[in-house]
Each structure stands twice: as structure tokens, then as C-alpha cells.
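Letter by letter, the chains look like this.
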Amino acid sequence: MASISFQHVNKTYPGGVEVVPDLNLEIKDKEFVILVGPSGCGKSTTLRMIAGLEDITSGELRIGDRVVNDIAPKDRDIAMVFQNYALYPHMSVYKNIAFGLQLRKTPKDEIDRKVHEAAKILDLEHLLDRKPKALSGGQRQRVALGRAMVRNPAVFLLDEPLSNLDAKLRTSMRSEISKLHKRLDTTFVYVTHDQTEAMTMGDRICVMKDGVIQQFDVPQTLYDFPCNLFVAGFIGSPQMNFITAAIVGNGNSVSAQFGEFSLPLNAQKSKALKDYIGKDVIIGIRPEDFEVADGRTEGVLSAEVELAELMGAENNLYLDCVGNKLIARMPSSVRPKEHSVYKVAVKLDKIHVFDKETEKAICH
């Protein structure tokens, strides 16, 4: 069993700097969990507490059925892959992968078998005699993964392992790590600030801000039902558009109004917003939830096109709508001129509504 449990864990550095105030987190055995958030949100500190590289100020941390607060890193049955690979430059790939096993006095024939097994899985067999300086970034990262794999740990910890790679290599390595998790069938905890990595790799994603878990759920739920403004803005690329709007009642239905525009809301949202009539809220619209107006009368906005960013299959329009800066994702065939006025229609059933004071979601 390699489940991980944080129970009221606090991490405070000397001088009273509280990085993680009160962490409660349950990671299941064999699960691939992503810790995601902006720089300084406490995700790497959380990972390092699992590894034993950071002491816990208070609370309890369990790996499996063991409380590991005072257990040394080498005795926790974990393996960590770092951002900078941490390879020994004077050693060959073979010796880098074998190093941890040699320290543990593992028999030579077993070391040889494990190194070659890992090298085969990671496509490193033809590189075993090379030194790290003769490898590409992706190859070095695979060596670092191999070194962790051969130890057959209960828990893999990965701290932004792809951040030093170029965009194309990151995409291929994402799928490699996902396949590796399925093959090894063990617990993975992966730290990143890149929400694309989080959305494509994790079984569940833990979104953190200022050391506090904002939402912990499967990727699609985070995307479709963000619990607050922070999660809504962090998950999704380009990020969700936010507009301050007034809720106006009209019989049994309500609409969100800003400037001269009115967005009628469906019956479900109208019911959820009946106590907000006459108040301001924040509405959220994802870039892909705009479409060409094409004669529609409801939910149409007029905006000035500030920039058109052609992305091949799509065209991201940067718009100014009565002072609100919006991004609309359109088909590449839609090419309005910059500084022209262009009409876009909002998919009304896709609007998210947030409380302006608490920033918590009201309805989706």
C-alpha cells in the first residue's frame, strides 16, 4: 500500500514564515496526483515533505500505514525525480541508473538486469555507455526516471521534471510519463505550474494557492465546475474571461447585464441567482464558449478587435467589450480586421457565475 495521507500538516520556516498552514490531503494507492498552482503556492514544499527533505512543523504524514514524520528519506520507500535531473556528470548512463542500487549493496547480476529492463522501457539501451553531457535534455530526463524506476519504490515524486525541455519534447515526455505510471502501477505525485501538464496527465489534480488546497478533483470536473474564481482562472488556456455584471430580474428569469449588453440565463441559473437580483456578480466565459453571431439576437456582444492571433486551426481574438478585455477562440476562417468592431455570440448555457465578495462559484 502506498497511499499518502496529510492530516493537519503545517510547515512554518524560522522567522514565522508559514508556507503550508493546515494541509489535509488523501492520495490513493497507485493514483497519479498532480499538485498545481502558481510559484510560491506550497506545492514543492508539500512534495519535499513527502520525500522527507523538509521537516513537518506539526500534524501527521502517513505513507501507507506508517507515520513517517521522523523517518529518514532513505527509509521511506520513495524515489524523487528533480527538475535539473541531478545526474553525475563523470558517470555513464549505466552507472547513473545503477548508482542507488550499488549503494544498497544489491547483487551485481540483479543490478544489471534492472538497469537493462529500465533502459529498454525508456529507450536508453543504445546510450548506456554515454556520459550525461553527450545526451539531449529529454534523454537526461529519461535517465533520471530510470534511476528512480530501478529502485522499485512505492511512491514516485516528480518535481517539475519537464520544465527544462522544449515544447515539442515536453509533449512527448508527458505521454511517456503517463505510460510509465500505467506500466509500473504505483503511486505518482507530480508537481507542476503548467496546467496543460496537469490536465493531460493526472488522475486527480490538487489546485493550491498560498499553501491552501482550493479544489481537488478529476481534471474534467475542475474545468467544468471550478469551485471559485482562482481555479476558474488557473485551469484552462487561454484562461477564462471574467466580467463584472449586474443580475436583473424579469419575471421568473434573470439576466446578467453590463454596459448595453444583456445575457439571459437559463432556468437553472435563474433559480440559483434569485437572491442576487440587483447585485453585482462576476460572470466567467471560456474563450471556446464564444461563437460566430450569424444572425443570433440573444447573447450577442459587440467588441473592438485589438489583436487576432492565428494559431493554425483556430484564431484567438483579443477583444475590448465596453472596457472588458476578452479572448474569443474562433475557427481560423474567421478573420476580422484589427481595430474593427466584431460581433460574437456567447454560448449562454456555458456561462459560469461567481459571488463578487467571496469569489465562490454560484452556478455553472
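Look a little higher up for the structure.
Residues numbered from 1 in each chain as written. Predicted model: local features only at pLDDT ≥ 70, side-chain atom pairs only at ≥ 80, totals over all residues. Heavy atoms only, no water.

Attention shifts here to the overall build of the protein. Regarding its fold elements, the protein presents nine helices and 21 strands. If one aligns the C-alpha atoms of the protein with their principal axes, the spans along those axes are about 80 × 45 × 35 Å. Split into buried and exposed, the 364 residues of the protein put 50% on the buried side. Summarising the internal contacts of the protein: among those between residues at least 6 apart in sequence, 65% fall at separations of at least 24. If you sum the accessible surface of the protein, you get close to 17300 Å²; carbon and sulfur atoms cover 48% of it. Treating the 46 positive side-chain charges of the protein as one cloud and the 48 negative ones as another, the clouds have centres 6 Å apart. (Helix = DSSP H or I, 4+ residues; strand = E, 2+ residues; numbered from the N terminus. Buried < 20%, exposed > 50% of the residue type's maximum accessible area, 1.4 Å probe, protein only. Contact = heavy atoms within 4.5 Å. Areas by Shrake-Rupley, 256 points an atom, 1.4 Å probe, with all protein chains shown as cover. Lys, Arg positive; Asp, Glu negative; His and termini not counted. Charge placed at Lys NZ, Arg CZ, Asp CG, Glu CD.)

Moving on to the pattern of salt bridges. With the rule as written, the count across this model stands at 17 salt bridges. Among the salt bridges present, the one from Arg170 reaches Glu197, with a minimum N-O distance of 2.7 Å. Of the two residues, Arg170 is situated in helix α5 (residues 167–184) and Glu197 in helix α6 (residues 195–201); the sequence distance between them amounts to 27 residues. The same class applies to Arg170 as to Glu197, namely buried. The partner of Glu176 in a salt bridge is Lys179, with the nearest N and O atoms 3.9 Å apart. Of this pair, Glu176 and Lys179 both sit in helix α5, three residues apart, which is roughly one turn of the helix. When salt bridges that share partners are traced, they join Lys11, Arg48 and Glu54 into one network. (Salt bridge = Lys/Arg side-chain N within 4 Å of Asp/Glu carboxyl O.)

To continue, consider helix α2 (residues 93–103). Because the α-helix completes a turn every 3.6 residues, residues three or four places apart line up on one side. Taken together, the buried positions of α2 are occupied by Val93, Asn96, Ile97, Ala98, Gly100 and Leu101. Tucked into the core, α2 has its buried residues touching α3 (108–121) and α4 (137–149). In the stretch just after α2, Lys105 is the one whose phi turns positive, near 60°.

Right, let's talk about the packing of α2 against α4 for a bit. It is the contact of α2 with α4, at a shortest axis distance of 7 Å, that shows an interaxial angle of 30°. Seen from above, α2 lies across α4 with right-handed handedness. Between α2 and α4, the residues in contact are Val93, Asn96 and Ile97 and Val143, Gly146 and Arg147, respectively. Its residues placed into classes, the contact of α2 with α4 shows three nonpolar, two polar and one charged. (Axes fitted to C-alpha atoms, helices over the stretch in contact; angles between N-to-C directions. Left-handed = near helix turned anticlockwise from the far one by under 90°. Nonpolar A, V, L, I, M, F, W, Y, C, P; charged D, E, K, R; others polar.)

Further remarks concern the environment of Asp275. Tracing the sequence through the fold places Asp275 in the loop between α9 (267–272) and β14 (280–285). According to the relative accessible area criterion, Asp275 is exposed, its value standing at 56%. Between the C-alpha atoms of Asp275 and Glu18, which are 257 residues apart in sequence, the distance is 38 Å.

The strand order across the open sheet formed by six strands is β13-β12-β11-β14-β20-β21, and the pairing between neighbours is antiparallel. Of all strands in the sheet, those bounded by a partner on one side alone are β13 (261–264) and β21 (361–363). When the angles between neighbouring strand axes are averaged without regard to direction, this sheet yields 40°. For strand β11 (residues 241–250) and β14, the ladder comprises six bridges, and the chain directions are antiparallel. Of the residues in β14, the one forming a bridge with Ala245 is Val281. (Pairing = 2+ DSSP bridges.)

Time to look at the pairing of strand β1 (residues 4–13). Strand direction decides the pairing type here: β1 and strand β4 (residues 58–63), joined by five bridges, are antiparallel. Bridge pairing in β4 places Asn10 opposite Ser58. Pairing between β1 and strand β2 (residues 17–27): seven bridges, direction antiparallel. Bridge assignment links Val9 to a residue of β2, and that residue is Leu23. In textbook terms, the turn of a hairpin is the stretch between consecutive antiparallel strands, and for β1 and β2 this stretch comprises three residues, one of which, Gly15, has a positive phi near 95°.

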